[in-house]
Amino acid sequence: MAILLMLIPISLVLLGLAVAAFIWAVKRGQFDDLDTPALDILEDNDRPAPPPGQAADADARAADPARER
């Protein structure tokens, strides 16, 4: 019977931690878009990825259009 006096507070603390983690995840937007990640696998990407150096150059040009002049 004495074990209940220890287990009940421990379970309440763990419940509080779980609720706090859930609230933290909701505020951080973890549950905002549940459909897109599941549909991304169905997308057909025919184009191969550009080489690593070329991708960085393209990203820099897209971020700074004045650089092309």
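Our structure is the block above this text.
Enquirer: Summarise the overall build of the protein chain; cite the residues concerned and give the values.
Expert: What the protein chain contains, in helices and strands, is three helices and zero strands. Ordered by position in the sequence, the α and β elements of the protein chain form the string α-α-α. By residue count, 1% of the 69 residues in the protein chain fall in the buried class. Counting every atom, the protein chain has about 6,600 Å² of accessible surface; 64% of that belongs to carbon and sulfur.

Enquirer: Tell me about a negative patch on the surface, and name the residues and values.
Expert: Taken together, the side chains of Asp32, Asp33, Asp35, Asp40, Glu43, Asp44 and Asp46 present a region of like negative charge at the surface. As for its placement among the helices and strands, aspartate 44 is situated in the loop between α2 (36-40) and α3 (52-63).

Enquirer: Kindly report on the packing of aromatic side chains, identifying the contributing residues and their values.
Expert: Inspection of the entire model under this criterion finds one aromatic pair. Ring geometry for phenylalanine 22 and phenylalanine 31: centres 5.8 Å apart, planes at 40°, overall tilted. On the accessibility criterion, phenylalanine 31 (45% relative accessible area) is partly exposed.

Rules used in this analysis
Residues numbered from 1 in each chain as written. Predicted model: local features only at pLDDT ≥ 70, side-chain atom pairs only at ≥ 80, totals over all residues. Heavy atoms only, no water. Helix = DSSP H or I, 4+ residues; strand = E, 2+ residues; numbered from the N terminus. Buried < 20%, exposed > 50% of the residue type's maximum accessible area, 1.4 Å probe, protein only. Areas by Shrake-Rupley, 256 points an atom, 1.4 Å probe, with all protein chains shown as cover. Patch = residues over 30% accessible without salt bridge, like charges linked within 9 Å, V, L, I, M, F, W, Y side chains within 5 Å. Salt bridge = Lys/Arg side-chain N within 4 Å of Asp/Glu carboxyl O. Lys, Arg positive; Asp, Glu negative; His and termini not counted. Charge placed at Lys NZ, Arg CZ, Asp CG, Glu CD. Phe/Tyr/Trp six-rings, centres within 6.5 Å; stacked < 30°, edge-to-face > 60°.

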